[in-house]
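Structural characterization, general
Letter by letter, the chains look like this.
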Amino acid sequence: FVLGVLIFIDDYFNCLTVGSVMRPITDTHNVSRAKLAYLIDATAAPICMIAPISSWAAAVAGIAAGLGMNGITLFVKAIPYNYYSLLTIVMIIAITLMKFDYGPMKRHELNALAGDLFTEGEKNEGDEKVDASPKGKVVDLILPVVFLFIGCATTEIYTGGFFTAGEDNYMNFINSFADSDASVGLPWGSLIAIVITVIYMLCRGVMKFTEAMDAFPKGFKAMVPAILILTFAWTLNGATGALGAKYYIAHLMSGAAAGLTTMLPAVIFLVAVVLSFATGTSWGTFGILIPIVLSVFPADSSLLTIGISACLAGAVCGDHCSPISDTTIMASAGAQCNHVNHVSTQLPYALTVAAVSFVCFILASIIKSWLIMLPIGIVLMVGTLFVIKAVSKDKKA
């Protein structure tokens, strides 16, 4: 969880890095792959959505700025009201400290304690055991992650024009993330990190050159299922877009806006969840709903901030639940978990947080103070988990 929080710049980068680093550790402690995939997914998009310096923040700020608003200011104001992202963090901490699981995840965790980390589905090629080097140290784990972090962050802002901008200030840094091309930046950053890591490992004597080269085809084999699922997901996403889903949603929202002012943030949250779930994209949901939200609420009203938060929270929630979401697929790949297992075990957890978030958006529209609402949301989330724990115990008995 802490590693997922620290790697907040990009959700793809988060999923693959956290999974690669933590998978051997969680396997040792008999944590199921489904639980690992959930922890990775829950600290990817939700964390990026409340981090002012991230590719997600840059995308939201860019959309708002294109409509004449101060995008970064609006994004920062919306963070305390982003209940789904914030309560997801509360959820992870609470179920860890309370030491319980429910739904399909409970079966996976019980099987993991008995030695079966997968429960269902075939093992991935990347699950082959690798003999550890006696020369290995903790620094050999940390430094490659640092190389990868610096390499990917640098190449992403490079593709966004940061180093060619007139002034190296904060806004140029943010805008470079908004304009970055992840399909170019992430592969180049990864390639640079790989070269530096191989040189480092050879100098340390931890690996031989032939062992390092043997790792390349094994890594590629591990990513083939994720690549195929992503390809099919993007195809379905394109088909949904071609059918005009965004225009249909926009028409529904504009028709309902007049008579539901107080309830509108909660309605926006639900619409964003459905749209993001159906299309598998948070960023597309931002592009559709943010202009509608900005046109519905006055520019200086607190409901505008709550409405934007509802839009962002709903988009992340739908993305979190959707089996065709690229982030969900990447979380499965990072944990090397069967994708169907990941989606089925994560859904009850995500829906629990979504239900509490929906109630919070209704109350926030009335109270309009995050200082009051955020503690209320945390109490509701923890209280809900205590109720679920008590019910699940009764069922077991």
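Residues numbered from 1 in each chain as written. Predicted model: local features only at pLDDT ≥ 70, side-chain atom pairs only at ≥ 80, totals over all residues. Heavy atoms only, no water.

**Here's the deal with the environment of L275**
Mapping L275 onto the fold places it in helix α14 (residues 264-279). Residue L275 is classed as buried on the basis of its relative accessible area of 3%. (Helix = DSSP H or I, 4+ residues; strand = E, 2+ residues; numbered from the N terminus. Buried < 20%, exposed > 50% of the residue type's maximum accessible area, 1.4 Å probe, protein only.)

**Quick notes on α14**
Its 16 residues place the ends of α14 22 Å apart at the C-alpha level, agreeing with the 22 Å of an ideal helix rising 1.5 Å per residue. Burial in α14 covers these residues: L264, P265, A266, I268, F269, V271, A272, V273, L275, S276 and T279. Positive backbone phi, at 75°, marks G280, one or two positions downstream of α14. (Expected span 1.5 Å × (residues − 1).)

**Regarding the state of the cysteines**
Per the stated rule, a full pass over the model turns up zero disulfides. Considering cysteine sulfurs only, C317 is the nearest to C321, which forms no disulfide, with 4.3 Å between them. According to the relative accessible area criterion, C321 is buried, its value standing at 6%. (Disulfide = S-S within 2.5 Å.)

**Some remarks on helix α6 (residues 71-78)**
When α6 is considered as a whole, its buried residues turn out to be G71, I72, L74, F75 and A78. The buried residues of α6 occupy one face: seen down the axis, they fall within an arc of 165°. (Arc of directions from axis to C-beta.)

**Re the packing of aromatic side chains**
Summed over all chains, the structure comprises seven aromatic pairs. Ring centres 6.3 Å apart and planes at 75° place the aromatic pair F147 and Y200 in the edge-to-face group. Here the residue F147 occupies a position in helix α9 (residues 139-159), and Y200 occupies one in helix α11 (residues 182-204), the gap between them amounting to 53 residues. On the accessibility criterion, Y200 (16% relative accessible area) is buried. Note on F269 and F361: the rings are 5.3 Å apart at their centroids and 35° apart in plane angle, and the pair reads as tilted. Placement of F269 in helix α14 and of F361 in helix α18 (residues 339-367) is noted, with a sequence separation of 92 residues between them. With a relative accessible area of 1%, F269 lands in the buried category. We classify F361 as buried; its relative accessible area is 0%. Ring-pair connections join several aromatic residues into one group, and the members of that group are Y38, F100, Y102 and Y349. (Phe/Tyr/Trp six-rings, centres within 6.5 Å; stacked < 30°, edge-to-face > 60°.)

**Side note on the packing of helix α3 (residues 33-42) against helix α7 (residues 83-98)**
The interhelical angle for the contact between α3 and α7, taken along N-to-C directions, is 145°, at an axis separation of 10 Å. The handedness of the crossing between α3 and α7 comes out as left-handed. Residues K35, Y38, L39 and A42 of α3 touch α7, and the partners they reach there are T88, M91, I92 and I95. The residue makeup of the contact of α3 with α7, split by class, is six nonpolar, one polar and one charged. (Axes fitted to C-alpha atoms, helices over the stretch in contact; angles between N-to-C directions. Left-handed = near helix turned anticlockwise from the far one by under 90°. Contact = heavy atoms within 4.5 Å. Nonpolar A, V, L, I, M, F, W, Y, C, P; charged D, E, K, R; others polar.)

**Section: the nonpolar core**
If you look at the biggest cluster of nonpolar residues, it comprises 91 residues, and the most contacted ones within it are Y84, M91, F269, I308 and L385. Beyond its immediate stretch of four places on either side in the chain, Y84 contacts F269, A313, V316, C317, H320, A350, V353, A354 and S357. (Core = buried A, V, L, I, M, F, W, Y, C linked by side-chain atoms within 4.5 Å.)

**A short note on the side chain of Q336**
Structurally, Q336 is set in the loop between α17 (326-335) and α18. Looking at Q336, the relative accessible area reads 7%, which means it is buried. There is a polar contact of 3.5 Å between the side chain of Q336 and the side chain of R23. (Polar contact = N/O pair within 3.5 Å; in protein donor to acceptor, adjacent residues only side chain to side chain.)

**Examining empty space enclosed by the protein**
The gaps of empty space that remain are located by a probe, the size of a water molecule, rolled over the atoms. Under the criterion given, the structure shown has one cavity of 30 Å³ or more. Estimated volume of the largest cavity: approximately 40 Å³. Taken together, 10 residues form the lining of the largest cavity, with F118, E120, C337, N338 and N341 sitting closest to its centre. Considered class by class, the residues forming the lining of the largest cavity number four nonpolar, three polar and three charged. (1 Å grid on protein atoms, 1.4 Å probe; cavity = no way out; pocket = protein on both sides within 12 Å on 5 of 7 lines; lining within 4 Å. Points joined across faces, edges and corners; volume = space filled by probe spheres on them.)

**Brief notes about the environment of T384**
Looking at the element boundaries, T384 is found in helix α19 (residues 370-396). Along the primary structure T384 and A355 are separated by 29 residues, whereas in three dimensions their C-alpha atoms are 9.9 Å apart. Those residues in contact with T384 that lie beyond four places of it in its chain are T352 and V356.

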